[in-house]
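One-letter residues, chain by chain:
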Amino acid sequence: MQISLLSLILLIKILDMKRYILTLFISLTVLLVFPQKTEKQNMRDAEKVASRWLQTLNKKGYSDCWNMLSELTQKQASFEEWNAYITELMTEPGKFISRQYYLAEMQKKMEGLPEGNYVTIKYTTEYENTETAEEILLLSLSENGKWQVNSYFIDYHLKGDDGEVPLSKLKPKENPQK
């Protein structure tokens, strides 16, 4: 009886070891077949998407830019509203001249957005009507592993603008003598 009990214990240990080895083999296979991207690789991928989006923007390919926006962003406004906004926004800076990448930051949490992978990319840009311009894009990694533009912001200073609000934009003064 002791021999059969000892044999049973040995058999169980062998089966446990085989299960452990099989689990380890499967885990390693999954990691090798589906490698995880590093933060640096993710940032490079996001930068490529941002660059392509900005090139399309500069060619006035606004409908293509719309298609590269995240679903979350597209739900915020219709294409017509967004197209009118971006058309007006890009009129004042004028023709694109050059762009220089200067910063990218990766974050997991962004205020007002669900937890995920986000990259903020900043560029110093020159347009024909600007003295200085900074463009900022926020990109998010979609569920299917593709980077999408969440938002675009441009801050610029026009040539010859002294910072004063043009008279045409000011309310007319009330006549105090009435």
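Source: prediction; values computed, not measured. (Residues numbered from 1 in each chain as written. Predicted model: local features only at pLDDT ≥ 70, side-chain atom pairs only at ≥ 80, totals over all residues. Heavy atoms only, no water.)

### Here we look at the overall build of the chain
As a reminder of what qualifies: Only DSSP runs of H or I reaching four residues or more are called helices, and only runs of E reaching two or more are called strands; each is numbered from the N terminus. Buried residues are those whose accessible area, probed at 1.4 Å on protein chains only, stays under 20% of the maximum for their type, while exposed residues exceed 50% and partly exposed ones sit between those limits. Note on contacts: a residue pair qualifies if any of its non-hydrogen atoms lie within 4.5 Å across the two residues. The Shrake-Rupley method, run with a 1.4 Å probe sphere, supplies the accessible areas, and residue values consider only the shown protein chains as cover.
Counting its regular elements, the chain contains five helices and four strands. Its helices and strands in sequence order give the chain the pattern α-α-α-α-α-β-β-β-β, from N to C terminus. Relative to its full complement of 178 residues, the chain shows a buried share of 28%. A separation of at least 24 residues holds for 52% of the contacts in the chain among residues at least 6 apart in sequence. A total of about 13600 Å² of accessible surface is found on the chain, and carbon and sulfur atoms cover 57% of it.

### As for a negative patch on the surface
Note the cut-off: Exposure above 30% relative accessible area and the absence of a salt bridge qualify a residue for a patch, where like charges join within 9 Å and nonpolar side chains (Val, Leu, Ile, Met, Phe, Trp, Tyr) within 5 Å. We define a salt bridge as a contact between a side-chain nitrogen of Lys or Arg and a carboxyl oxygen of Asp or Glu at a distance within 4 Å. Only four residue types enter the tally: Lys and Arg on the positive side, Asp and Glu on the negative side; His and the chain ends are excluded. To locate a charge, take NZ of a lysine, CZ of an arginine, CG of an aspartate or CD of a glutamate.
There is a patch of like negative charges on the surface, built from Glu88, Glu92, Glu131, Asp161 and Asp162. Counting through the fold element by element, Glu131 comes out in strand E3 (residues 130–141). Owing to a relative accessible area of 52%, Glu131 belongs among the exposed residues under this scheme.

### Remarks on the sheet that holds strand E2 (residues 118–127)
Put simply, the rule reads: Following DSSP output, two strands are said to pair if at least two bridges run between them. Interaxial angle, 0 to 180 degrees, is taken between N-to-C directions of lines fitted to C-alpha atoms, where a helix line uses only the stretch in contact.
Across the sheet, four strands lie side by side as E1-E2-E3-E4; this open sheet has antiparallel pairing. Edge positions in the sheet fall to strand E1 (96–107) and strand E4 (147–158), since each of these pairs with one other strand and no more. Here the strands of the sheet are splayed against their neighbours by 20 degrees on average, with no regard to which way each runs. Sheet topology note: the E1/E2 ladder contains ten bridges and is antiparallel.

### Some thoughts on the confidence of the model for the chain
Interpretation of the predicted coordinates at a detailed level should be avoided for regions scoring low in pLDDT. Counted only if it meets this: Here pLDDT means the predictor's own confidence in every residue, given as a number from 0 to 100.
Per-residue pLDDT for the chain averages 82, and the proportion of residues at 70 or more is 71%. Within the chain, no element has a lower average pLDDT than helix H1 (residues 2–33), which sits at 63, and none a higher one than helix H3 (residues 62–67), at 96. Contacts from residues 168–173, a stretch scored under 50 in pLDDT, to residues over four places away or in other chains number one contact.

### A word on the packing of aromatic side chains
What counts, and what does not: By convention, a stacked pair of Phe, Tyr or Trp rings (six-membered ring in the case of Trp) has centres within 6.5 Å and planes under 30 degrees apart, an edge-to-face pair has planes over 60 apart, and any other such pair is tilted.
Tallying each qualifying case throughout the model produces five aromatic pairs. With centroids separated by 5.3 Å and ring planes inclined at 45 degrees, the aromatic side chains of Trp53 and Tyr152 adopt a geometry described as tilted. Placement of Trp53 in helix H2 (residues 39–58) and of Tyr152 in strand E4 is noted, with a sequence separation of 99 residues between them. Using a relative accessible area of 0% as the deciding quantity, one classes Trp53 as buried. Classification of Tyr152 as buried rests on a relative accessible area of 12%. When the ring of Trp66 is compared with that of Phe79, the centres are 5.7 Å apart and the planes differ by 75 degrees; the resulting orientation is edge-to-face. Pair noted here: Trp66 is in helix H3 and Phe79 is in helix H5 (residues 79–91), with a separation of 13 residues, a long-range link. Of the aromatic side chains, those joined through ring pairs into one cluster are Trp66, Phe79 and Trp82.

### Some details on the pattern of salt bridges
One pass over the structure, following the stated rule, counts two salt bridges. Note that Lys75 and Glu71 form a salt bridge whose closest N and O atoms lie 3.3 Å from each other. Neither residue differs from the other here; Lys75 and Glu71 are each classed as exposed.

### Quick word on the nonpolar core
So the rule is basically this: Buried Ala, Val, Leu, Ile, Met, Phe, Trp, Tyr and Cys residues form a nonpolar core when they are joined through side-chain atoms within 4.5 Å.
Of all hydrophobic cores here, the largest spans 28 residues; its most connected members are Trp53, Leu57, Leu137 and Tyr152. When residues of this core are traced back to their parent elements, those giving at least two are H2, H3, H5, E2, E3 and E4. In terms of residue count, the dominant contributor to this core is H2 (seven residues). Apart from the residues within four sequence positions on either side, Tyr152 is in contact with Trp53, Leu54, Leu57, Ile86, Leu89, Met90, Tyr127, Glu135, Ile136 and Leu137.

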